[in-house]
Amino acid sequence: MWTATAPANIALIKYMGKGEGNIPRNVSLSYTLDKFYTEVSLTLTSDCDKYVGPVEPGPEATERFINHLKYIKKICGCEDFFIISSGNYRLLADGNTASFPHSAGIASSASSFAALTMCAFKAMSDLKGMPLPSLEQQSSVSRVGSGSSCRSFFSPWCLWMGEKTEKIDIRIDKLLTDLVVVDTHPKEVSSSRAHELVSSSLLMNGREKRAEIRLERLLTALNGNQWESAYQICWEEFWDMNALFETSVPNFGYMQPETMRILTEIRKFWKQNGDGPIVTMDAGPNVHLLWRTDQKNLRDLLLLPYL
Ligand code: PMV
């Protein structure tokens with residue numbers, strides 16, 4: 001049996017809109033979320049590749065997952081069959097773990113595909129006697145299964161541009177992360193569908209340039225300890241992505257009334273304290289917060305009413 005774990009990641013500069021092989025239309029920058037991870041194991045079997053849970057992502061996503069394993073087997077010339085098992089876990093403050101839901105905008109597809117890719121290459125390397133591919137190579141294979149999974153190979157910061165992913169050194173390299181959960185039900189519009197739909201938005205004009213400019217500004221802010229500026233840039237960026245959703249034809253969106261309430265509270269918190277968290281959102285209603293390590297007291301102040 002082979003096992004691998006991979007973390008989820010949250011993008012501060014977002015990947016939205018893609019071409020063949022999940023090549024992104026624009027650059028993205030992510031921070032790995034070590035508290036959220038997927039563990040995949042593979043066991044040899046005699047008849048066919050099959051998926052046994054415990055996560056139950058539905059028939060379509062299960063097929064996509066199995067197909068990704070088949071894709072890696074083909075690359076490696078492997079004719080064995082495997083039983084795949086995959087679980088999503090959340091590390092709790094007391095050191096215990098709990099499961100976390102799929103398809104709810106908590107980046108479980110990124111961690112699952114990254115873990116499957118790592119696990120499959122471990123198995124191939126043992127069975128075929130081949131050296132393990134580099135992280136860059138594994139990341140690029142993982143990208144074909146799920147775009148954002150390619151960023152889960154580099155921690156804590158990963159830069160993704162075209163076919164290339166790389167670890168990028170940023171002066172602030174340890175953040176405290178929180179997820180304010182509004183809804184864990186699977187989303188109505190999958191992120192794959194969102195990537196397709198956004199090309200109908202007029203706001204897609206200039207999107208690549210906007211992401212590029214924000215990336216430069218964000219790197220300057222994070223490397224220069226300009227935290228408030230980093231917060232402002234990330235706020236603009238997740239709203240930019242959500243504006244693409246809302247101006248697509250047909251339009252769609254993930255924000256819920258509770259999401260808006262939380263965002264408004266955070267804005268008020270920043271005004272009152274002159275400090276606060278970086279806020280970002282994925283294709284889902286839940287809100288991600290990132291804090292500097294010296295903000296523990298401030299974090300308790302904001303989060304106590306919510307958590
Ligand atoms: O990897 P996908 O196809 O599920 O795309 C996810 C894209 C977002 O999470 C919405 C943004 C991002 O950069 O992760």
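Owing to the predicted nature of the structure, the values given are computational and were not obtained by experimental measurement.

A. Structural view of helix 5 (residues 207–223). If you check helix 5, its first and last C-alpha atoms are 24 Å apart, about what 17 residues at 1.5 Å a residue would give, namely 24 Å. Buried within helix 5 are the following residues: Arg207, Ala211, Arg214, Leu215, Leu218, Leu219, Ala221 and Leu222. Angularly, the buried residues of helix 5 cover 160° about the axis, an arc narrow enough to put them on a single face. The secondary structure elements touched by the buried residues of helix 5 are strand 1 (2–13), strand 4 (28–45), strand 8 (157–161), helix 6 (227–246) and strand 11 (278–280). Once helix 5 ends, the next one or two residues include Asn225, with phi positive near 55°.

B. Spatial organisation of the pairing of strand 1. Within strand 1, 10 of the 12 residues are buried, leaving the element largely enclosed by the surrounding structure. Relative to strand 4, strand 1 runs antiparallel, the two being bridged by 11 bridges. Residue pairing in the sheet places Trp2 in a bridge with Leu42 of strand 4.

C. The arrangement of unusual backbone geometry in detail. Going from Ser155 to Pro156, the amide bond is cis rather than trans, its omega being -5°. When you line up the elements, Pro156 lands in the loop between helix 3 (135–145) and strand 8. With phi around 60°, Asn22 is a residue other than glycine that occupies positive phi space. Phi at Asn225 takes a positive value of approximately 55°, unusual for a residue other than glycine. By secondary structure assignment, the location of Asn225 is in the loop between helix 5 and helix 6. Classification of Asn225 by relative accessible area gives partly exposed; the value is 48%.

D. Quick peek at the sheet that holds strand 10 (residues 175–180). Across the sheet, which stays open at both edges, the three strands sit in the order 10-12-11 with antiparallel pairing between neighbours. A strand with exactly one partner marks an edge of an open sheet, and here the two such strands are strand 10 and strand 11. Sheet twist, expressed as the average angle between the axes of neighbouring strands with direction ignored, equals 20°. By the bridge criterion, three bridges tie strand 11 to strand 12 (residues 287–292) in an arrangement that is antiparallel. Bridge assignment links Ile278 to a residue of strand 12, and that residue is Leu290.

E. Spotlight on the packing of aromatic side chains. For the coordinates displayed, the defined rule picks out 13 aromatic pairs. Centroid distance Tyr15 to Trp160: 4.5 Å. Interplanar angle 55°. Geometry classified as tilted. Placement of the pair is Tyr15 in the loop between strand 1 and strand 2 (18–19) and Trp160 in strand 8, with a sequence separation of 145 residues. Overall, Trp160 belongs to the buried group, its relative accessible area being 0%. Grouping aromatic residues by their ring pairs yields a cluster made of Tyr231, Trp235, Phe238, Trp239 and Trp270.

F. Focus on the site of the ligand. Close to the ligand lie 14 residues, the nearest being Tyr15, Ser148, Arg151, Ser191 and His195. Taking Arg151, its side chain carries an N or O atom lying 2.7 Å from an oxygen atom of the ligand. Between Ser191 and the ligand, the recorded distance is 2.6 Å, taken from a side-chain N or O atom to an oxygen atom. Summarising the interface, the protein chains cover 93% of the accessible area of the ligand, which totals 380 Å² for the free molecule.

G. Broad picture of the side chain of Ser248. Mapped onto the fold, Ser248 is located in the loop between helix 6 and helix 7 (257–273). Here the side chain of Ser248 touches Leu197 through a polar contact of 3.3 Å, landing on its backbone oxygen. Once you skip the residues sitting within four places of it in the chain, Ser248 turns out to touch Leu197, Val198, Ser200 and Ser201.

H. Spotlight on the packing of helix 1 (residues 59–76) against helix 3. Helix 3 packs onto helix 1 with a crossing angle of 140° between their chain directions and a minimal axis gap of 9 Å. Overall, the two elements helix 1 and helix 3 adopt an arrangement that is oblique. In this structure, helix 1 meets helix 3 at a crossing whose hand is right-handed. Where helix 1 approaches helix 3, its residues Arg64, His68, Tyr71, Ile72 and Ile75 are matched on the opposing element by Val141, Ser142, Val144 and Gly145. Considering only residue class, the contact of helix 1 with helix 3 consists of five nonpolar, three polar and one charged.

Definitions and cut-offs
Residues numbered from 1 in each chain as written. Predicted model: local features only at pLDDT ≥ 70, side-chain atom pairs only at ≥ 80, totals over all residues. Heavy atoms only, no water. Helix = DSSP H or I, 4+ residues; strand = E, 2+ residues; numbered from the N terminus. Expected span 1.5 Å × (residues − 1). Buried < 20%, exposed > 50% of the residue type's maximum accessible area, 1.4 Å probe, protein only. Arc of directions from axis to C-beta. Contact = heavy atoms within 4.5 Å. Pairing = 2+ DSSP bridges. Axes fitted to C-alpha atoms, helices over the stretch in contact; angles between N-to-C directions. Phe/Tyr/Trp six-rings, centres within 6.5 Å; stacked < 30°, edge-to-face > 60°. Near = heavy atom within 4 Å. Polar contact = N/O pair within 3.5 Å; in protein donor to acceptor, adjacent residues only side chain to side chain. Areas by Shrake-Rupley, 256 points an atom, 1.4 Å probe, with all protein chains shown as cover. Parallel < 35°, antiparallel > 145°, perpendicular 65-115°, else oblique. Left-handed = near helix turned anticlockwise from the far one by under 90°. Nonpolar A, V, L, I, M, F, W, Y, C, P; charged D, E, K, R; others polar.

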